[in-house]
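Analysis of the macromolecular model
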Amino acid sequence: MSRGVLMVFSGPSGCGKGTVLKEFFASGGDAFLSVSATTRAPRPGEEDGVHYYFLSREDFEQRLSQDEILEHACYCGNYYGTPRGPVYERLERGENVILEIEVQGGLQIREKCPEAVLVFVLPPSFDELRRRLLGRQTEDMETVSRRLETARQEMQAAYDYDYIVVNDRLEDAVDELKAIFAAEKIKTANRKTMIDEVLRYDA
């Protein structure tokens, strides 16, 4: 059995990465979306193990010291990160796993998990990104401007990713994501066991 593909999925705010993933799964995409861990308190309606793994600060820091967290960051005084155990259990069962994380976490994964495939989602243009953020009508111009500047900085990291998916037409972006999984599954590194089985010879 082939090992699953570990994919990092990143992109700036407004690029539509969440929409791409939603359509990917709705259209039968074969992968598991990893659940992050956090030290913040659960919000109303959030379930442990579904929305997040809710950990105490002491538990999170102990897991960090034991290398049980693949990537992490600290926002507003709380830790957020990806637990190693659930991810690798699924990979060993042959399941694909997607980590929808920010650039900082994606580059941490590159260091700890060199086998990971890094995919960056780009808007078709910067003007389109601005249009999408303004179209939300949920933030003032100052906030949108900050998001655009952050997006410009994040997109510099796209050069360090393995694949670029341009979210212009949603259907095309989803097809490209599926194609990446298909290509990665048949790489030699993921089929060494199959080579061994074919070469096994009983006289």
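These remarks concern the structure in this document. (Residues numbered from 1 in each chain as written. Predicted model: local features only at pLDDT ≥ 70, side-chain atom pairs only at ≥ 80, totals over all residues. Heavy atoms only, no water.)

**Concerning the packing of aromatic side chains**
Stated precisely, the cut-off is as follows: For Phe, Tyr and Trp, where Trp contributes only its six-membered ring, two rings pair if their centres lie within 6.5 Å, and the inter-plane angle classes them as stacked under 30 degrees, edge-to-face over 60, or tilted in between. Accessibility here uses a 1.4 Å probe with only protein chains present; expressed as a share of the type maximum, an area under 20% marks a residue as buried, one over 50% as exposed, and anything in between as partly exposed. Counting from the N terminus, the helices are the DSSP runs of H or I reaching at least four residues and the strands are the DSSP runs of E reaching at least two. Whether a charge lies above a ring is judged from NZ of Lys or CZ of Arg, which has to be within 6 Å of the ring centre and within 35 degrees of the ring normal.
Applying the stated rule across the entire model yields seven aromatic pairs. Ring centres 5.2 Å apart and planes at 70° place the aromatic pair Phe 24 and Phe 25 in the edge-to-face group. By relative accessible area, which is 1% here, Phe 24 ends up buried. When the centroid spacing of 4.9 Å and the interplanar angle of 5° are considered together, the rings of Phe 60 and Tyr 79 count as stacked. Taken together, the positions of Phe 60 in helix H2 (residues 57-65) and Tyr 79 in strand S6 (residues 78-83) put the pair 19 residues apart, joining distant regions of the chain. Each member of the pair, Phe 60 together with Tyr 79, is buried. Grouping aromatic residues by their ring pairs yields a cluster made of Tyr 52, Phe 54, Tyr 75 and Tyr 80. Sitting above the plane of the Phe 32 ring, Arg 90 keeps its charged end 3.5 Å from the centroid.

**What to know about the layout of surface pockets**
Unoccupied space between atoms shows up once a probe the size of one water molecule is rolled over them. Our working definition: Here the term cavity refers to a set of points on a 1 Å grid, laid over the protein atoms alone, in which a 1.4 Å probe fits but cannot get out; the term pocket refers to an open set having protein on both sides within 12 Å along at least five of seven lines, with lining residues being those that place an atom within 4 Å of a point. Grid points are joined across faces, edges and corners, and a volume is the space filled by probe spheres set on the points. Any residue outside Ala, Val, Leu, Ile, Met, Phe, Trp, Tyr, Cys, Pro, Asp, Glu, Lys and Arg is labelled polar, Gly included; the first ten of those are nonpolar and the last four are charged.
Size it by volume and the largest pocket reaches roughly 600 Å³. Lining the largest pocket are 22 residues, and of these Ser 36, Tyr 52, Glu 100, Ile 101 and Glu 102 sit closest to its centre. Those elements that provide at least two residues to the lining of the largest pocket are strand S5 (69-75), S6, strand S7 (97-100) and helix H4 (103-112). Top element by residues in the lining of the largest pocket is S5. It accounts for four residues. Class assignment of the residues belonging to the lining of the largest pocket gives a composition of nine nonpolar, nine polar and four charged. Each pocket or cavity is described by its volume, and for the second largest pocket that value is around 290 Å³. As for the second largest pocket, its lining consists of 17 residues, and the residues nearest its centre are Ser 2, Arg 3, Ala 189, Asn 190 and Arg 191. Sort the elements by how many residues they give to the lining of the second largest pocket and helix H8 (residues 192-199) lands first, with four residues. Taken together, the residues of the lining of the second largest pocket break down into six nonpolar, four polar and seven charged.

**Observations regarding the sheet that holds S6**
For the record, the criterion: Should DSSP find at least two bridges between two strands, the strands are regarded as paired. The criterion used for residue contact is that any of the two residues' heavy atoms lie within 4.5 Å. Axis lines are fitted through C-alpha atoms, for helices just across the contact stretch, and the angle between N-to-C directions can take any value from 0 to 180 degrees.
The four strands lie next to each other as S4-S3-S6-S5, forming an open sheet whose pairing is mixed. Strands at the two margins of the open sheet, each flanked by one partner only, are strand S4 (53-54) and S5. In this sheet, S4 lies alongside strand S3 (residues 37-38) in parallel orientation, the contact comprising two bridges. Bridging across to S4, Ala 37 finds its partner in Tyr 53. In the packing of H2 onto the sheet, the strands contacted are S3, S5 and S6, and the crossing angle to S6 comes to about 45°. Packed on one face of the sheet, helix H3 (residues 84-92) meets S4, S5 and S6 and runs near 20° to S6.

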